[in-house]
Amino acid sequence: MASKGFKAQLERAANRELDAVIVEQRLNKLFHADAAKSDRYGLHASAIIASDNDFCLREQVLSLFYRRDTGKEFNTGTLRIFAQGTATHIKWQKMFEDAGWLKCAEYTHFLPQYDLCFTPDIETNWKGEPLIEIKTENTYSFQKSGNHHSKGETQLNFYLCLLNIEKGYVLVEDKNTQDIKIIPVKKDRKASEKFFDRLDEIQLAKKRFIKEHKMPKRKCRDENTKRCMDCAMRSACWNIGQGRVKLPKELRKATEYKARD
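Residues numbered from 1 in each chain as written. Predicted model: local features only at pLDDT ≥ 70, side-chain atom pairs only at ≥ 80, totals over all residues. Heavy atoms only, no water.

1. Thoughts on the pattern of salt bridges
Side chains bearing opposite charge may pair, as long as their charged atoms lie close to each other. Applying the stated criterion to the full structure yields twelve salt bridges. Here Glu173 and Lys91 are joined by a salt bridge, their closest N and O atoms 2.8 Å apart. Taken together, the residues span a long stretch of sequence, with Glu173 in strand β7 (residues 167-174) and Lys91 in helix α5 (residues 76-99) at a distance of 82 residues. For Glu173, a relative accessible area of 3% puts it in the buried group. (Salt bridge = Lys/Arg side-chain N within 4 Å of Asp/Glu carboxyl O. Helix = DSSP H or I, 4+ residues; strand = E, 2+ residues; numbered from the N terminus. Buried < 20%, exposed > 50% of the residue type's maximum accessible area, 1.4 Å probe, protein only.)

Structure (structure tokens):
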């Protein structure tokens, strides 16, 4: 059965020249060039700050021992949106660099005590070395949210606590008009306490798995729930698909070395 995207291309092709359709297909393939995921070691900060409904202790512990599922593809429209967000990040990072304000951009920190990886968008060389997190919104959301970006503020505060930096800013850009707003964020350990509790819980569960080979209980009732279908650890959790493929021991050492480099 033809995909919705392919059907749409066929409908447009009825009123367009063939070479234009071929070029469009070639361009769309560019967004899928990085679809294959390589192995990585470590928890990702975005998973730690997820909502209670989304956070899964079992998923996080499994990710420290087994390979994630590969081959999951987003539709081209979603990948275009991701690419636009990436372009906005690159634009601001380059502007900070040109202004002489950039300490580093997209540098991945690794905290071995938590097995945690996190990557602030911009680390400045301003006094106190404040962090900058870059977000984009459509015009409706940009105007409705006022001087707030809940997810961005939560993420940035967590980074500030991890790096013991006192202040940062969420830079929000309207993707339609390129208007911007700056949201100051002061380090608040209490606001991130839940996330540090999760990190401690993961470490305890990790040690238990090493010692007793017991994993935390599953969050999903079966392997076909929507959350499970979207989970990168679905195969390892239910021992289906690619099954439980152990991560190479060298991968953690490589992650620690790269983070120090």
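Let us keep going from here.
2. A short note on the environment of Thr86
Along the chain, Thr86 turns up in helix α5. Residues Thr86 and Ile134 lie 48 residues apart in sequence; the distance between their C-alpha atoms is 9.8 Å.

3. So, unusual backbone geometry
Residues other than glycine seldom take positive phi values, yet Glu129 does so here, at roughly 50°. Inspection of the secondary structure assignment puts Glu129 in the loop between β5 (122-124) and β6 (131-137). In this structure, Gln178 is a non-glycine residue whose phi angle is positive, near 65°. Tracing the chain through its elements places Gln178 in the loop between β7 and β8 (180-186).

4. Concerning the packing of aromatic side chains
How two aromatic rings sit relative to each other is given by the distance of their centres and the angle of their planes. Applying the stated criterion across every chain yields a total of eleven aromatic pairs. Ring centres of Phe158 and Phe196 lie 5.5 Å apart, and the angle between their planes is 75°; this geometry places the pair in the edge-to-face category. Of this pair, Phe158 sits in helix α7 (residues 150-163) while Phe196 sits in helix α8 (residues 193-212), placing them 38 residues apart in sequence. An identical accessibility class is assigned to Phe158 and Phe196; each is buried. Here the aromatic residues Phe96, Trp101, Trp126 and Tyr169 are joined through ring pairs into a cluster of three or more. Cation over ring: Lys181 sits above Phe142, and NZ or CZ is 4.6 Å from the ring centre. The aromatic ring of Phe196 is capped on one face by Arg189, whose charged end is 3.6 Å from the ring centroid. (Phe/Tyr/Trp six-rings, centres within 6.5 Å; stacked < 30°, edge-to-face > 60°. Lys NZ or Arg CZ within 6 Å of the ring centre and 35° of its normal.)

5. A word on the sheet that holds strand β2 (residues 102-105)
Spatially, β2-β5-β6-β7-β8 is the arrangement adopted by the five strands of the open sheet, whose pairing is mixed. If you trace the sheet from one side to the other, it starts and ends with β2 and β8, each paired once. Put simply, the sheet's adjacent strands are angled 25° from each other on average, direction ignored. Summarising the sheet, β6 and β7 pair through seven bridges and their orientation is parallel. (Pairing = 2+ DSSP bridges. Axes fitted to C-alpha atoms, helices over the stretch in contact; angles between N-to-C directions.)

6. Focus on the sheet that holds strand β4 (residues 116-118)
Reading across from one edge, β1-β4-β3 is the order of the three strands in this open sheet, with mixed pairing throughout. Both outer strands of the open sheet, β1 (43-44) and β3 (109-111), are each paired with one neighbouring strand and no more. Contacting β3 and β4, α7 runs over the sheet at an angle of about 120° to β4. (Contact = heavy atoms within 4.5 Å.)

So, to be careful, I would describe these as geometric facts and stop short of saying anything about function.
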